[in-house]
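What follows is each chain in one-letter form.
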Amino acid sequence: MSRRYSYLGPSGTFTEAALLQMPDAEAAERIPAASVLSALSMVDQDQVDGAVVPIENSVEGGVSATVDAISGAANLQIVAEALVPISFVLASRHPVPLGMVETVATHSHAWAQVRRWAEANVPGAEYVPASSTAAAAHGLLAEAPVADAAVCAPLVAEQLGLHVVASHIEDVAGALTRFVLVTKPAVAPQHTGADKTTVMIPLPEDRPGALMEILEHFTTRGVNICRIESRPTGSAMGDYFFSMDLEGHIDEARVAAALSGVHRIAPNTRFLGSYPRADSKPQQVPEDVSEAAFSAAKTWVDSLRGR
Ligand SMILES: O=C(O)C(=O)Cc1ccccc1
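Residues numbered from 1 in each chain as written. Predicted model: local features only at pLDDT ≥ 70, side-chain atom pairs only at ≥ 80, totals over all residues. Heavy atoms only, no water.

Turning our eyes to something else, we now look at the nonpolar core. Generally speaking, nonpolar side chains in soluble globular proteins are found buried as a group. Ranked by size, the top nonpolar core spans 33 residues in total, and within it Val-52, Phe-88, Leu-90, Val-151 and Ile-169 carry the most contacts. Sorting the residues of this core by element identifies strand 1 (4-8), helix 1 (14-19), strand 5 (77-85), helix 4 (108-121), strand 9 (149-152), strand 10 (163-166) and strand 11 (176-183) as the ones contributing at least two each. For this core, the element with the highest residue contribution is helix 4, accounting for five residues. Counting 23 residues, the second largest nonpolar core, distinct from the first, contains Ile-31, Ala-39, Val-48 and Phe-241. (Core = buried A, V, L, I, M, F, W, Y, C linked by side-chain atoms within 4.5 Å. Buried < 20%, exposed > 50% of the residue type's maximum accessible area, 1.4 Å probe, protein only. Helix = DSSP H or I, 4+ residues; strand = E, 2+ residues; numbered from the N terminus.)

Structure (structure tokens):
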């Protein structure tokens, strides 16, 4: 049966490029959404099988809208990730000298990644927020154009027949954005030996050293943390949760043991998915926290209990 995946649209966004790398993408119907939240709510309402959304950038860090939405939803799970190299062009409807560009439309995430270039090359240009880079590009062709120019992907500029005023305008060459495929809760994809696990850990109140205690559970089991961000819960000043990506899969004993330890300190911890790493980088697992070591330890304890 063919799948339906929503994504931050319209056609031509970096998110659509990420969708094309996801499992079963060739057969999937691509449903554009106007925002990350609306792409995710289509999953919640069973209108699609999954949503592809940006979650992290190698330069800018986490995409808060996505981290918060996924962490706060009880019924969403990450099942896959994809990495997309990001390069931007400045495009206009008609050829225009850089010096004449007064307004530039784009997605906030893109603007953050070209800010220094803009400061140097179109100083004083006003930023016009758009729902995506592709929406900004399309907006140049509207009867009342949204801006003089748009920051978008080279491909969408070419597809729409736009004029490329400047290429490779990103402040940091080689930046990557990480996207995730989010579905309703499901059995996690099989353990591959190169996996990640995403969790949301609400920091317990009035427990000095709680963060240290939580981190120790990962340290003692050799579980590497590859992303950690603190985000406000929104309910009270000083109330924070931690969004973390761990190296490993929930089916591995060391990851399961670390998370059971964390659960005793922070019972509202949420498991948001275990899934294969996009870069397939295999895990280095120390001998004392290997599956064999955990299994031998369990056999020993069971024997002491007479089982
Ligand atoms: O607007 C887009 O094209 C997106 O997919 C969001 C985005 C914007 C900038 C960098 C990475 C993702």
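Glancing now at the UniProt feature "site: Essential for prephenate dehydratase activity" (unreviewed entry) in the protein. Feature annotation in UniProt places "site: Essential for prephenate dehydratase activity" (unreviewed entry) on Thr-177, given in this structure's numbering. Tracing the backbone through its elements, the reader meets Thr-177 in strand 11. On the basis of relative accessibility, which here comes to 3%, the residue Thr-177 falls in the buried class. Those residues in contact with Thr-177, other than ones at most four positions away along the chain, are Pro-54, Glu-56, Asn-57, Ala-82, Leu-83, Val-84 and Ile-86. A polar side-chain atom of Thr-177 sits 2.6 Å from a polar atom in the side chain of Asn-57. (UniProt positions renumbered as here; feature names shortened; annotations may be inferred. Contact = heavy atoms within 4.5 Å. Polar contact = N/O pair within 3.5 Å; in protein donor to acceptor, adjacent residues only side chain to side chain.)

One pass over the structure, following the stated rule, counts 16 salt bridges. With its nearest N and O atoms 2.9 Å apart, the salt bridge here joins Lys-184 to Asp-46. Remark: Asp-46 occurs in the loop between helix 2 (36-44) and strand 3 (50-57) and Lys-184 occurs in the loop between strand 11 and strand 12 (195-202); sequence separation between them is 138 residues. Taking the relative accessible area as the measure of exposure, Lys-184 reaches 25% and is therefore partly exposed. (Salt bridge = Lys/Arg side-chain N within 4 Å of Asp/Glu carboxyl O.)

On to the UniProt feature "domain: ACT" (unreviewed entry) in the protein. In the numbering used here, UniProt assigns the feature "domain: ACT" (unreviewed entry) to residues 199-276. Annotated as residues 199-276, this span is 31% helix and 35% strand, and its ends, taken at the C-alpha atoms, are 15 Å apart.

Counted under the stated rule, the structure contains two cavities of 30 Å³ or more. Put simply, the largest cavity is a space of about 160 Å³. With three residues, the single largest contributor to the lining of the largest cavity is helix 4. Counted as a void, the second largest cavity has a volume near 30 Å³. No other element matches the three residues that helix 3 (residues 64-72) contributes to the lining of the second largest cavity. Broken down by class, the residue content of the lining of the second largest cavity amounts to five nonpolar, three polar and one charged. When residues of the lining of the second largest cavity are sorted by domain, at least three fall in each of domain 1 (1-86 + 176-186) and domain 3 (188-307). (1 Å grid on protein atoms, 1.4 Å probe; cavity = no way out; pocket = protein on both sides within 12 Å on 5 of 7 lines; lining within 4 Å. Points joined across faces, edges and corners; volume = space filled by probe spheres on them. Nonpolar A, V, L, I, M, F, W, Y, C, P; charged D, E, K, R; others polar. Domains from an automatic or database assignment.)

With that settled, consider the site of the ligand. In the vicinity of the ligand lie 13 residues, with Thr-13, Phe-14, Thr-15, Ser-132 and Thr-133 positioned nearest. A distance of 3.0 Å is found between an oxygen atom of the ligand and a backbone nitrogen or oxygen belonging to Phe-14. Here an oxygen atom of the ligand and a side-chain polar atom of Thr-133 are 2.5 Å apart. For the ligand, whose free accessible area comes to 310 Å², the fraction covered by protein is 100%. Its atoms largely coinciding with the cavity grid, the ligand occupies the largest cavity. The set of elements that each furnish at least two residues to the shell around the ligand consists of helix 1, helix 4 and strand 11. No other element matches the three residues that helix 4 contributes to the shell around the ligand. Considered class by class, the residues forming the shell around the ligand number five nonpolar, eight polar and no charged. (Near = heavy atom within 4 Å. Areas by Shrake-Rupley, 256 points an atom, 1.4 Å probe, with all protein chains shown as cover. Sits in = over half its atoms within 2 Å of the grid points.)

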